[in-house]
Structures are given as structure tokens and as C-alpha cells.
Amino acid sequence: QVQLVESGGGLVQAGGSLRLFCSASGSIVSIKAMGWYRQAPGKQRELVAGITSSGSTNYADSVKGRFTISRDNAENTVYLQMNSLKPEDTAVYYCNADVWVLFYSSSREYWGQGTQVTVSS
């Protein structure tokens, strides 16, 4: 029905930057909200940043001032610009979307496959 494909992860030194991309495709009517989560080894998945269809954003306290989420509604794409990266930002980053799907009466949640971000000290 809906696929989320992420890209942009990799290895970077502390203080560096990365930009993550997530593109949604499939039987999409519209996307309500999109977001980025991350999961470090041995830890629970946590919200990093979210953005609504109108552009309202929210961030985890740990990334405020360093990360910026944005989206292109026409392209069903969400981005995460990550600056001043720290070793503690190392995790698998997952894209998430709350989607109105063709032929369904309620929105459905989808996840990407994840992209690894590693920050070396």
C-alpha cells in the first residue's frame, strides 16, 4: 500500500552534519504527519522530530537547536538536517508517516526500514 524509503545515513565525525531523506510512495491520498525516530543499541525507539501537514514541528529536547525537520508535501518527502552531531546521536533512524490511504476510512501508520547514523568521537 505505502512504502517509506530512507537514505542519507552514514558515518560522520562529531561536530559534522548529515541530511536524511524519506520518500513515501503508494496508494497515498494525503499524509497527516511525518517524523523521524531513532533507536540506539539496547535502548527504546524514541521520537527525534515530527512535522504536521501544515508545517508545525516538534523536537526531542536532546536535538533542539541542532536538528531541523522539513517536508515537501507535493513530493511526499520528509527531511532531517542534522548538525553538530554528537556520538550519542548514533542510532538507526526510522522514518514514520501517518497516511490517508486509498480505500481506507482511517489513516494508517507506516515505517521505513531504517538508516544507520554513526557519529565518531
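The structure presented is a predicted model; accordingly, all values stated were derived computationally and were not measured.

Participant: Quick question: what am I supposed to make of the packing of aromatic side chains here?
Facilitator: Here a ring pair, both rings aromatic, is described through the centre-centre distance and the interplanar angle of the planes. The full count for this structure, using the stated rule, is two aromatic pairs. Measuring from centroid to centroid gives 5.5 Å for Phe21 and Tyr79, while their planes differ by 80°, and the two rings are edge-to-face. Placement of the pair is Phe21 in strand E3 (residues 18–26) and Tyr79 in strand E8 (residues 77–82), with a sequence separation of 58 residues. The exposure class assigned to Tyr79 is buried, which follows from its relative accessible area of 18%. When the ring centre of Tyr94 is taken as origin, the NZ or CZ atom of Arg45, which lies over that ring, is 3.7 Å away. Positioned over the ring face of Trp111 is Arg45, at 4.7 Å from the centre of the ring.

Participant: What is the right way to look at the pairing of strand E9 (residues 91–101) in this model?
Facilitator: Looking down a regular strand, the side chains alternate between one sheet face and the other. Here E9 lies mainly inside the structure; eight of its eleven residues are buried. Direction of pairing for strand E4 (residues 28–39) relative to E9: antiparallel, over a ladder of ten bridges. Residue Ser30 lies in a different strand from E9, and its bridge partner there is Trp100. When E9 meets strand E10 (residues 108–111), the two strands line up antiparallel, connected through four bridges. Of the residues in E10, the one forming a bridge with Asp98 is Glu109. If you look at the hairpin formed by E9 and E10, you'll find six residues sitting between the two strands, and Phe103 has a positive phi there, around 80°.

Rules behind the numbers
- Within any chain, residue numbers begin from 1 and follow the written order of that chain's sequence.
- Where totals are concerned, whole chains, interfaces and linings use all residues; where local detail is concerned, this predicted model gives features only for residues with pLDDT of at least 70, and gives and counts side-chain atom pairs only at 80 or more.
- Excluded from the side-chain calculation are hydrogens and water; included are all heavy atoms of the structure.
- Classification of ring pairs uses Phe, Tyr and Trp, with its six-membered ring standing for Trp, and accepts pairs whose centres are within 6.5 Å; under 30 degrees between planes counts as stacked, over 60 as edge-to-face, and the remaining range as tilted.
- Secondary structure is summarised from DSSP: a helix means a run of H or I of at least four residues, a strand means a run of E of at least two, and numbering begins at the N terminus for each.
- Only protein chains enter the area calculation, which uses a 1.4 Å probe; residues under 20% of their type maximum are buried, those over 50% are exposed, and those in between are partly exposed.
- The criterion for a charge sitting over a ring is simple: Lys NZ or Arg CZ within 6 Å of the ring centre, and within 35 degrees of the ring normal.
- In this analysis, strands are considered paired if DSSP registers two or more bridges between them.

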